[in-house]
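# Overview (structure and organization)
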Amino acid sequence: MNMALPDVIQIIREHVRTIPPRMIPLAIAIGLGLVMALSLLLPHRAPPSPLVGRILPSFMLPRVDDIHKSLMPRDFYGQPALLNVFSSWCVPCRAEQPLLMQLSGKVRIYGIAWRDTAENVSAYLSETGNPYQAVALDKIPVTTVTLGIFGVPTTYLVDEKGVIRAKWDTPLDQQMIDKELLPKLEEIQANAKK
Amino acid sequence: MAIFLIAAAPLPAKEEARAQALFHQLRCVVCKGESVAESSAEVAADIRAMVRTRIEAGDSDEQITQTLVSTYGTQVLMRPPLARGTLPLWLAPLLLLAMGGGLLFAYFKPARASA
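Analysis parameters
Every chain begins its residue count from 1, and numbering advances along the sequence as written. Whichever chain is written first is A, and whichever ligand is written first is 1; the rest continue in order. Whole-chain, interface and lining totals are the exception, using all residues; otherwise, since this is a predicted model, local features are given only for residues with pLDDT of at least 70 and side-chain atom pairs are given and counted only at 80 or more. Here, a nonpolar core denotes buried Ala, Val, Leu, Ile, Met, Phe, Trp, Tyr and Cys residues that are linked to one another through C-beta atoms within 7 Å. Any residue whose C-beta has 12 or fewer other C-beta atoms within 10 Å is treated as exposed, any with 20 or more as buried, and any in between as partly exposed, C-beta atoms being built from the backbone. Secondary structure elements follow DSSP: runs of H or I no shorter than four residues count as helices, runs of E no shorter than two count as strands, and numbering proceeds from the N terminus. By the convention adopted here, residues are in contact when the distance between their C-beta atoms, placed from the backbone, does not exceed 7 Å. Gly is placed with the polar residues, together with every amino acid not listed as nonpolar (Ala, Val, Leu, Ile, Met, Phe, Trp, Tyr, Cys and Pro) or charged (Asp, Glu, Lys and Arg).

### Considering the nonpolar core
Across soluble globular proteins, you tend to see nonpolar side chains buried next to one another. Core analysis: the biggest nonpolar cluster contains 59 residues, and A:Leu83, A:Val85, A:Ala113, B:Ile47 and B:Val51 have the highest contact counts within it. For this core, the leading source of residues is helix α3 (residues 42-57) of chain B, giving 7 residues. Dropping the residues within four chain positions of it, A:Val85 is found in contact with A:Ile112, A:Trp114, A:Leu147, A:Ile149, A:Val152, A:Pro153 and A:Thr154.

Here it is, written out as structure tokens:
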């Protein structure tokens, strides 16, 4: 239907004129009801995270494989990386693991085990496979507010300078990886080469 | 780390009152609608601990909420800020009220008998 906006407005005007005045409150109520129903039913885009475009906030946490070693953001500067915050007790995290295993071939992945213990994390990783270059243990946790964590899993795409280029507050799925993650990763890699 | 653990417990009376006031102003970001004061979510517990730690460290309410907004966005506030983007949110209820009032007035306006 190829119609100019003025035509559409004219048609709406004519229809509105045919509503008898006493029906106007009902018409408005129905109109509002439709708007509200639509806003509830249509997919809801979360507002973009304020952390995107900023340097990954700093942390220093013991590594699960060696508590005498620590992991901090500076350890993975130099190349793009994914930071995946997960927990061994988190069901969607487990569901995400196969995708992370696949991604680990394309980009280095670092993990933060959130609200967890070294024993549980080690057991979990031996079951699901380990896509991580290194996993930091955040037992307390201390990173919740500084990293803007709503829950687990949370994944950050960080460029070679440590700037967060994307943040996913939901588990990754194949569509998000294909449509958002991989294109962004390629963009970063292309720019890093310049 | 020890300071963090201590701040997870209630503070002395005056500071705890300030903490509780802030808890009611902050939204539990994973259970929309609840404030951090009521929520049993883990993230809410972490936000409460952060607020207490910052109060002990001497930060102002403004600084604490600013830090939370800087990582979670304005959705962490129970009262959305008054800004250009949120103007429709604030004005819509008033407009709807005015419209409703106008309609009622028009409906109940006594018919003027023509002399």
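### Re the interface of chain A and chain B
Each side of the interface is counted separately: chain A has 16 residues, and chain B has 15 residues. Considering only residue class, the side of chain A that touches chain B consists of 10 nonpolar, 5 polar and 1 charged.

### A closer look at unusual backbone geometry
Residue and element names in this part refer to chain A. Backbone torsion omega between Ile-140 and Pro-141 reads -5 degrees, so that peptide bond is classified as cis. Looking at where Pro-141 falls in the secondary structure, it is placed in the loop between β5 (134-138) and α5 (143-146). Note that the residue after Val-152, namely Pro-153, is joined by a cis bond; omega there is 0 degrees. Tracing the chain through its elements places Pro-153 in the loop between α5 and β6 (154-158). The phi angle at Arg-115 is positive, at roughly 55 degrees, despite the residue not being glycine. Note on placement: Arg-115 falls in the loop between β4 (108-114) and α4 (118-128). A residue is classified by how many C-beta atoms lie within 10 Å of it, and Arg-115, with 18 of them, is partly exposed.

Distances and angles like these do not, on their own, reveal function.
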